Amino acid sequence: QVMAMVDHAQACLPEEACGLVGGRKNKAEQIVNVENELHSAVRFQMGPILVLKALEQFDREGLERREAVSVPPPNPFPQISPYGRQHLPPAWVTA
């Protein structure tokens, strides 16, 4: 999954790439790439429709953990957003 996010980040250059991570028991099992609506190299924003679709996909697959992830250029590897769960509406976040 990490390499898929790296590929997504490279395809988004020079913009910051972003997405959501779903999994169980602190283990990432799926990364969903989401378009950066700001098309910025230093900030990201995921649209609510795309976020909701990703979270619904996680629910269908029984995935519990959800985090926002971003890849600011020129960093080649994903990182949990410094905004963490604050970036997602509280009703869409589970521990």
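Notes on the structure follow. Keep in mind that what you see is a predicted model, and the values were worked out from it rather than measured.

1. A few points about the environment of Ala28
If you trace the backbone, Ala28 turns up in strand 2 (residues 27-34). Take Ala28: its relative accessible area is 41%, and that puts it in the partly exposed class. For the pair Ala28 and Leu63, spaced 35 residues apart in the sequence, the C-alpha separation amounts to 9.2 Å.

2. Thoughts on the pattern of salt bridges
Tallying each qualifying case throughout the model produces 1 salt bridge. Its salt-bridge partner being Arg24, residue Glu29 comes within 2.5 Å of it at the nearest N-O pair. Judged by its relative accessible area of 28%, Glu29 is partly exposed.

3. A few points about the nonpolar core
Counting residues in hydrophobic clusters, the biggest one holds 12 residues: Cys18, Leu20, Val32, Val34, Phe44, Met46, Val51, Ala54, Leu55, Phe58, Leu63 and Ala68. For this core, the secondary structure elements donating two or more residues are strand 1 (17-24), strand 2 and helix 2 (48-60). If you tally residues by element for this core, the top one is helix 2, at 4 residues. Counting 7 residues, the second largest nonpolar core, distinct from the first, contains Ala9, Cys12, Val21 and Val71.

4. A few points about unusual backbone geometry
That bond from Leu13 to Pro14 is cis: its omega, 10°, falls within 30 degrees of zero. Examined against the element boundaries, Pro14 turns out to sit in the loop between helix 1 (2-12) and strand 1. Even without a glycine there, the phi angle at His39 is positive, about 50°. Looking at His39, the relative accessible area reads 44%, which means it is partly exposed.

5. Observations regarding the pairing of strand 2
If a strand is regular, its side chains alternate between the two faces of the sheet. Pairing geometry for strand 1 and strand 2, over 7 bridges, is antiparallel. Bridge assignment links Gly22 to a residue of strand 2, and that residue is Gln30. Adjacent in sequence and paired antiparallel, strand 1 and strand 2 are bridged by 2 residues, among which Lys25 carries a positive phi angle near 50°.

Definitions and cut-offs
- Each chain carries its own residue numbering, running from 1 in the direction its sequence is written.
- Restriction of local features to residues with pLDDT of at least 70 applies here, the model being predicted, together with a cutoff of 80 or more for giving and counting side-chain atom pairs; totals for whole chains, interfaces and linings are based on all residues.
- Side-chain measures here rest on the full set of heavy atoms in the structure, leaving out hydrogens and waters.
- Strands here are runs of E lasting at least two residues and helices are runs of H or I lasting at least four, both read from the DSSP assignment and numbered beginning at the N terminus.
- Only protein chains enter the calculation, and the probe is 1.4 Å; a residue is then buried if its accessible area is under 20% of its type maximum, exposed if over 50%, and partly exposed in between.
- Any carboxyl oxygen of Asp or Glu that lies within 4 Å of a side-chain nitrogen of Lys or Arg is treated as forming a salt bridge with it.
- Put simply, a nonpolar core is a bunch of buried Ala, Val, Leu, Ile, Met, Phe, Trp, Tyr and Cys residues held in one set by side-chain atoms that sit within 4.5 Å of each other.
- Here, a strand pair is defined by DSSP locating no fewer than two bridges between the strands.

The values are spatial; any link to function lies outside them.
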